[in-house]
Amino acid sequence: ICVRLVNLTWNYNNPFASAAVEQDQYGLTPLGRALLADMNHHRMLLDVSHLAERSFWEAIEQTRLPPVASHSNAKSLCDHPRNLSTSQIKAIAQRKGVIGVNFCPAFLSSTRQATIDDVIRHIDYLLEVVGEEAVAIGTDFDGISRTPVGLADVAMLPQLIQRLRARGYAPAVLEKLLWRNVWRVLGLTFA
């Protein structure tokens, strides 16, 4: 088994770091800092999705490879604790990382009745803020119980691609969103 990407938390605080949805935001623990040092040694990527903001900033300063937010959205569009602030988004992009847009309705819209249009809104925003090298699709289909209207499962991704193409997204940008950006970052773990 070759582990290439690790998230220090899920929804709950743990012995490594504090999680985004928890009240107690203590950041990285000594064990978490030791784990990150070991991850650096073994060229493992840090996934910042689920980290509390304090944990995020402490971890992003310690990681050597580009950080990944495998399934996170923009807090400025939907104020959910799991979403990233604009400064966090820019920090990931400045370090050549990538942000995968999450399809969880609660992370897409404050109405909790998200649609494919909300997914597109987050993609548009991220592209505007950090450009096409730092954005990807991070559906979270394997971790969410509800999906946006129009994107019930992976078989509906062609509808998203068609909608983005109709909005004027060039084929090269679509490739980056769908796989190239993630592939670029994953490739660094084997260098």
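Residues numbered from 1 in each chain as written. Predicted model: local features only at pLDDT ≥ 70, side-chain atom pairs only at ≥ 80, totals over all residues. Heavy atoms only, no water.

*Asks:* Tell me about the overall build of the protein, residues and numbers included.
*Replies:* Of regular secondary structure, the protein possesses seven helices and five strands. The C-alpha radius of gyration computed for the protein amounts to 16 Å, which stays within 12% of the reference 16 Å derived for 191 residues, consistent with globular compactness. C-alpha extents for the protein along the principal axes are approximately 50 × 40 × 30 Å. The 191 residues of the protein split such that 50% are buried. Residue pairs at least 24 apart in sequence account for 65% of intrachain contacts in the protein once pairs closer than 6 positions are excluded. Working note: accessible area of the protein is about 9,200 Å², and carbon and sulfur atoms make up 56% of it. Across the protein, the centroid of the 19 positively charged side chains sits 4 Å from that of the 18 negatively charged ones. (Helix = DSSP H or I, 4+ residues; strand = E, 2+ residues; numbered from the N terminus. Rg over C-alpha atoms; globule rule 2.2 N^0.38 Å. Buried < 20%, exposed > 50% of the residue type's maximum accessible area, 1.4 Å probe, protein only. Contact = heavy atoms within 4.5 Å. Areas by Shrake-Rupley, 256 points an atom, 1.4 Å probe, with all protein chains shown as cover. Lys, Arg positive; Asp, Glu negative; His and termini not counted. Charge placed at Lys NZ, Arg CZ, Asp CG, Glu CD.)

*Asks:* Describe the environment of Ser 49, and please don't skip the residues or the numbers.
*Replies:* By the element assignment, Ser 49 lies in the loop between β2 (45-47) and α2 (53-62). The exposure class assigned to Ser 49 is buried, which follows from its relative accessible area of 0%. Residues Ser 49 and Ala 69, spaced 20 residues apart in sequence, show a C-alpha to C-alpha distance of 4.8 Å. If we ignore the near neighbours within four places in the chain, the residues touching Ser 49 are Asn 7, Thr 9, Val 68, Ala 69, Ser 70, His 71, Ser 72 and Arg 82.

*Asks:* Describe in detail the environment of Pro 67, supporting the description with residues and values.
*Replies:* Checked against the element boundaries, Pro 67 lands in the loop between α2 and β3 (68-69). Residues Pro 67 and Ile 92, 25 residues apart in the sequence, show an inter-C-alpha distance of 5.9 Å.

*Asks:* Summarise unusual backbone geometry; cite the residues concerned and give the values.
*Replies:* The backbone phi angle of His 50 is positive, close to 85°, even though this residue is not glycine. By the secondary structure assignment, His 50 is in the loop between β2 and α2. Assessed through its relative accessible area of 8%, His 50 is described here as buried. If you check the backbone angles, Asp 140 has positive phi at about 70° while not being a glycine. When you line up the elements, Asp 140 lands in the loop between β5 (135-137) and α6 (157-166).

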